[in-house]
Amino acid sequence: MTTEDDVRRLATALPQVTERTCYGTQAFYVAKKIFARMHEQPDVLVCWCRDLGEREALLQSDAQKFFTTAHYDGHASVLVRLNHVDPDELAELLEDAWLARAPKRLQRPS
């Protein structure tokens, strides 16, 4: 089980991430592009995906962890139930979301 504090710790450890609010919840940005934010529903994270195919793969992989609502139809993001993911999986989800939104210049190894 992970928490909002875990989300903050892991997201802000990624390169050039800023945190601010979006729709009244904490959100994480890279190069002015949002890649993850806390949902209005408690213990749920909105996490960007590379594309709709990646989103569908996550949704099909585990309905306990990943879900969506009609509001997100056609959007390359997935809702994540924090109480069903461990910190390692959360770190991977956030890194993938960061990679989906970060400019290529930031993704190059230094």
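Residues numbered from 1 in each chain as written. Predicted model: local features only at pLDDT ≥ 70, side-chain atom pairs only at ≥ 80, totals over all residues. Heavy atoms only, no water.

1. Re helix α3 (residues 87-101)
Side chains that are three or four residues apart share a direction in an α-helix, a result of its 3.6 residues per turn. The end-to-end C-alpha distance of α3, which contains 15 residues, comes to 21 Å, matching closely the 21 Å that a straight helix rising 1.5 Å per residue would cover. Residues of α3 that are buried include every one of L90, L93, L94, A97 and W98, and no others. Angularly, the buried residues of α3 cover 135° about the axis, an arc narrow enough to put them on a single face. Residues D88 and E92 are exposed on α3 and point more than 90 degrees away from its buried face. With a side-chain oxygen lying 3.0 Å from the backbone nitrogen of D88, the N-terminal cap of α3 falls on D86. (Helix = DSSP H or I, 4+ residues; strand = E, 2+ residues; numbered from the N terminus. Expected span 1.5 Å × (residues − 1). Buried < 20%, exposed > 50% of the residue type's maximum accessible area, 1.4 Å probe, protein only. Arc of directions from axis to C-beta. Polar contact = N/O pair within 3.5 Å; in protein donor to acceptor, adjacent residues only side chain to side chain.)

2. Re the nonpolar core
F35, L45 and L94 are the most contacted members of the largest nonpolar core, which has 37 residues in total. Beyond its immediate sequence surroundings of up to four residues, L45 is in contact with V7, A36, R37, M38, H39, V78, L79, V80, L82, L90 and L94. (Core = buried A, V, L, I, M, F, W, Y, C linked by side-chain atoms within 4.5 Å. Contact = heavy atoms within 4.5 Å.)

3. A few points about the environment of Q26
One can find Q26 in strand β2 (residues 25-30). With a relative accessible area of 12%, Q26 lands in the buried category. Counting along the chain gives 62 residues from Q26 to D88, while the straight-line C-alpha distance between them is 21 Å. If near-sequence neighbours (up to four positions away) are discounted, Q26 is found in contact with E4, R8, E19, R20, R37 and M38.

4. Describing empty space enclosed by the protein
Evaluated as defined, the whole model comprises one cavity of 30 Å³ or more. Taken as a whole, the largest cavity encloses approximately 40 Å³ of empty space. Secondary-structure elements contributing two or more residues to the lining of the largest cavity are β4 (44-48), α2 (52-61) and α3. Residues belonging to the lining of the largest cavity are distributed by class as follows: six nonpolar, no polar and two charged. (1 Å grid on protein atoms, 1.4 Å probe; cavity = no way out; pocket = protein on both sides within 12 Å on 5 of 7 lines; lining within 4 Å. Points joined across faces, edges and corners; volume = space filled by probe spheres on them. Nonpolar A, V, L, I, M, F, W, Y, C, P; charged D, E, K, R; others polar.)

5. As for the packing of helix α1 (residues 4-12) against α3
Contact pair α1 / α3: the axes reach a minimum separation of 10 Å and the direction vectors enclose 50°. Between α1 and α3, the interaxial angle falls into the category oblique. The hand of the α1/α3 crossing is right-handed. Every residue of α3 that contacts α1 at D6, V7, L10 and A11 is listed here: P87, L90, A91 and L94. Among the residues making up the contact of α1 with α3, the classes are represented as seven nonpolar, no polar and one charged. (Axes fitted to C-alpha atoms, helices over the stretch in contact; angles between N-to-C directions. Parallel < 35°, antiparallel > 145°, perpendicular 65-115°, else oblique. Left-handed = near helix turned anticlockwise from the far one by under 90°.)

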